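Inside the fold
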Amino acid sequence: MNDTPTGPLADGYALVVFDLDGVIYLIDRPIPGAVEAVGRLRADGRAIAYATNNASRRAAEVADLLTGIGVPATPEEVLTSAAAAAQVLRDRLPAGSAVLVVGAEALRAEIRAVGLTPVTHADDAPLAVVQGYGPQVGWADLAEASIAVRSGAVWVATNTDRTLPSGRGPLPGNGSLVAVLRTALGREPDLVVGKPEPALFVTAARRVPDGRALVVGDRLDTDIEGACRAGLDSLLVLTGVSDVAELLATGPGRRPTYVAADLSGLFDPAAVVRVVGGPDGAPATGPEWAGWSVSSRDGGLELTGSGRPLDAVAALCAAAWSTGTAEADSAVAGPVVRAGSPEAARALTALGLSRARPA
């Protein structure tokens, strides 16, 4: 069985919601094919939104960055965790309240824009601490935040992404900095605003009739989980953080509807595959798929047959998720996959399953 779309995937949705880092660009360089993909969606009259956990830029700055790399965008199309965090604090605190900001100038600007007062020291008696990614955040900033939270300030994190993608590989993200305070304080933030919380996606989906939105992301733990929690279909692209090994190990709440190597999967039915058959995260089919067969062996999976590597992904997901192999390994390493045929060995190499080896 093969539930791969027979027409362009994008045709089934009124709105496409993109994550940015790892999907549209890496730091500030467009990912190959991203400019063309967004341009084609616009030419087709498709509504577009961008939802980012990166709190180091305001919506207008993100729109300018996108336009500068050839992806025309307006501030209204951009939803940021920084703006969402500021709006939450505006609703919770008296006007003009001091908020200690740990992050970039963009986060301070968002706090200021909602009528609150950004400060940098615990001695300013802040009623809240808001923590977002900033490349200049250091020990002194975290120390002030720690003192403020211990003194009773509400602690809000824009997001808890452990890493952010770059051309040199994953780098520490805001979640890594949040972990420093978590360790120092011995507790969790009072509130995390960005993905995987569903608010950004729910807000975007309200812009189109029937909420027919597709979320496109590169991270299972933020983009895809957020889409699942918002009740939206999702497309995992393998251009950023999450890879096939992590996909095989992931639980029901983080399973994408579709998988593609890149954004060409929005338009080319041969470049995308459906891996989830319903909102409960169940696999789309059994472990036989378009020429591939998967069986359990020695605590792992064995792939045999031949066909497209993407169809092998679907077969492996179906087997791992149906048999519980996904829970047998860590979410990063994934289950051991072995090749039972030369064609399978080539497919597994193409999919980056480096532990795969001939049986």
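Heads up: the structure comes first, above all this text.
Because the structure is predicted, anything quoted here is derived from the model rather than measured. (Residues numbered from 1 in each chain as written. Predicted model: local features only at pLDDT ≥ 70, side-chain atom pairs only at ≥ 80, totals over all residues. Heavy atoms only, no water.)

1. Points about the packing of aromatic side chains
For the coordinates displayed, the defined rule picks out one aromatic pair. Aromatic side chains Phe 18 and Tyr 50 sit 6.0 Å apart centroid to centroid with 25 degrees between the ring planes, which places their arrangement in the stacked category. One end of the pair, Phe 18, is in strand E1 (residues 15-18); the other, Tyr 50, is in strand E4 (residues 47-52), and 32 residues separate them in sequence. For Tyr 50, a relative accessible area of 0% corresponds to the buried category. (Phe/Tyr/Trp six-rings, centres within 6.5 Å; stacked < 30°, edge-to-face > 60°. Helix = DSSP H or I, 4+ residues; strand = E, 2+ residues; numbered from the N terminus. Buried < 20%, exposed > 50% of the residue type's maximum accessible area, 1.4 Å probe, protein only.)

2. Focus: the pattern of salt bridges
If you walk through the whole model with that rule in mind, you get 16 salt bridges. Between Asp 190 and Arg 187 there is a salt bridge, with its nearest N and O atoms 3.2 Å apart. A relative accessible area of 30% places Arg 187 in the partly exposed class. For the salt bridge of Arg 254 with Glu 225, the shortest nitrogen-to-oxygen distance reads 2.7 Å. A residue pair is termed long-range when its members are at least 10 positions apart, and Arg 254 in the loop between helix H9 (244-249) and strand E15 (258-260) and Glu 225 in helix H8 (residues 220-230) qualify at 29 residues. (Salt bridge = Lys/Arg side-chain N within 4 Å of Asp/Glu carboxyl O.)

3. A word on the sheet that holds E15
With respect to topology, seven strands assemble into an open sheet ordered E5-E4-E1-E13-E14-E15-E16, the strand pairing being mixed. The open sheet has two free edges, formed respectively by strand E5 (78-80) and strand E16 (272-274), since each of these has just one partner strand. Across the sheet, the mean angle separating the axes of adjacent strands is 20 degrees when strand polarity is ignored. Pairing of E4 with E5, which is carried by three bridges, proceeds in the parallel orientation. Bridge pairing links Tyr 50 to Val 78 in E5. (Pairing = 2+ DSSP bridges. Axes fitted to C-alpha atoms, helices over the stretch in contact; angles between N-to-C directions.)

4. Considering the pairing of strand E9 (residues 154-157)
Judged from the four bridges that link them, strand E8 (residues 128-131) and E9 form a sheet pairing that is parallel. Bridging from a neighbouring strand, Val 129 pairs with Trp 155 of E9. Chirality of the crossover, the property in question, places the unit of E8, helix H5 (residues 139-150) and E9 among those that are right-handed. When E9 meets strand E12 (residues 191-192), the two strands line up parallel, connected through two bridges. Looking at the pairing, Ala 157 lines up with Val 192 of E12. (Right-handed = clockwise from strand over helix to strand, strands pointing away.)

5. Quick word on the sheet that holds E12
Pairing in this open sheet of five strands is parallel, and the strands run E7-E6-E8-E9-E12 from one edge to the other. At either end of the open sheet lies a strand with only one pairing partner, and these are strand E7 (117-119) and E12. Relative to E7, strand E6 (residues 98-102) runs parallel, the two sharing three bridges. Along E7, the bridge assignment pairs Leu 100 with Val 119. Against the sheet, H5 contacts E6, E8 and E9, and its axis sits at roughly 145 degrees relative to E6. (Contact = heavy atoms within 4.5 Å.)

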